[in-house]
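# Chain and residue survey
Each chain, letter by letter, is given below.
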Amino acid sequence: MKLIFATNNDKKVAEIRAVTGNKFDILTLKEAGIDIDIPEPHDTLEKNATEKSLTIYKMTHTNCFSEDTGLEVESLNGEPGVKSARYAGDDRSFDKNIDKLLNKLAGSDNRRARFRTVISLIIDGKEDLFEGIAEGKIIDIRKGTNGFGYDPVFVPNGSNKTFAEMDMEEKNRYSHRKKATEKLIAFLKILN
Ligand code: IMP
């Protein structure tokens with residue numbers, strides 16, 4: 001089955017391909033010849049994921065999926081959440097976002113946080129949503145250089161390493177994105 005993955009983030013593509021293996025033929029936007037930055041204007045991950053997949057489906061009439069992910073920090077009432085990419089402003093700098101997060105959490109004892117991914121899949125015009133959650137905590141210094149986004153300060157429950165200290169295979173043992181992708185795979189197996 002051919003599926004377009006509505007993202008321009010190569011790291012997300014690599015993480016999801018590591019889970020799907022050769023079960024599906026996943027095309028990135030670039031590989032599908034589509035050059036757009038799809039807006040994420042909504043106040044929930046679900047609505048943004050839907051916006052991205054619907055935009056691509058309307059353009060291509062090809063089965064597709066998108067995902068939207070947020071880091072939800074308990075003591076910040078779920079912030080940065082849906083604003084994770086632009087937490088410190090419009091330039092989408094991973095470094096500035098982490099600086100802002102660590103400043104806000106300075107002195108806080110409650111470091112509990114989770115990543116939440118929502119995948120929107122569109123098959124023949126019909127949408128289904130799949131959620132994946134990774135529970136963990138935010139540490140107060142950066143560790144590791146792998147991955148992207150908030151990976152250097154997030155330690156998933158069950159490990160003492162940050163996501164950025166793990167290779168992709170190890171991150172995928174805990175990852176929000178992997179859990180959502182497994183639900184998508186199970187759903188597509190039912191369909192076939
Ligand atoms: P997006 O809107 O789904 O692309 O993601 C929002 C932001 O969340 C990204 O810019 C990253 O900063 C962060 N993010 C998403 N997924 C991950 C992840 O797996 N690890 C660390 N940060 C992530």
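Preceding this section is the structure that the text describes.
### Some words on unusual backbone geometry
Across the junction of glutamate 79 and proline 80, the peptide omega takes the value -10 degrees, indicating a cis bond. Mapped onto the elements, proline 80 comes out in strand S4 (residues 80-81). For arginine 92, which is not glycine, the phi torsion reads 55 degrees and is therefore positive. Along the chain, arginine 92 falls in the loop between S4 and helix H3 (94-105). You will see that aspartate 124, though not glycine, has its phi angle at about 50 degrees, which is positive. With respect to the helices, strands and loops of the structure, aspartate 124 is situated in the loop between strand S5 (112-123) and strand S6 (126-138). Aspartate 124 sits in the exposed class, given a relative accessible area of 63%.

### Quick word on the site of the ligand
Neighbouring residues of the ligand: 16 residues in total, closest Lys12, Asp151, Lys171, His176 and Arg177. Here lysine 12 contributes a side-chain N or O atom positioned 2.7 Å from an oxygen atom of the ligand. Summarising the interface, the protein chains cover 95% of the accessible area of the ligand, which totals 480 Å² for the free molecule. In this structure, the ligand is accommodated by the largest pocket. Within the residue set of the shell around the ligand, elements represented by two or more residues are strand S3 (64-73) and helix H5 (176-191).

Rules used throughout
Counting of residues starts from 1 at the beginning of each chain's written sequence and follows it residue by residue. Residues qualify for local features only when their pLDDT is at least 70, as the model is predicted, and side-chain atom pairs are given and counted only at 80 or more; totals for whole chains, interfaces and linings, by contrast, use all residues. Excluded from the side-chain calculation are hydrogens and water; included are all heavy atoms of the structure. Counting from the N terminus, the helices are DSSP H or I runs at least four residues long and the strands are E runs at least two residues long. Note on exposure labels: buried denotes an accessible area under 20% of the residue type's maximum, exposed denotes more than 50%, and partly exposed covers the range between, all computed with a 1.4 Å probe on protein chains only. The near set for a molecule or strand comprises every residue that places at least one heavy atom within 4 Å of it. Between N or O atoms, a polar contact is any pair within 3.5 Å; within protein, one atom must be a potential hydrogen donor and the other a potential acceptor, and residues adjacent in sequence are included only when both atoms are from side chains. Here the open area of atoms and residues is found with the Shrake-Rupley method and a 1.4 Å probe, where only the protein chains shown may cover a residue. Lining residues are defined by having an atom within 4 Å of a point belonging to a cavity or pocket. Those points lie on a 1 Å grid over the protein atoms alone, cavities being sets where a 1.4 Å probe fits but cannot get out and pockets being open sets with protein on both sides within 12 Å along at least five of seven lines. Pocket occupancy is defined atom-wise: a molecule lies in a cavity or pocket when more than half of its atoms are within 2 Å of its grid points.

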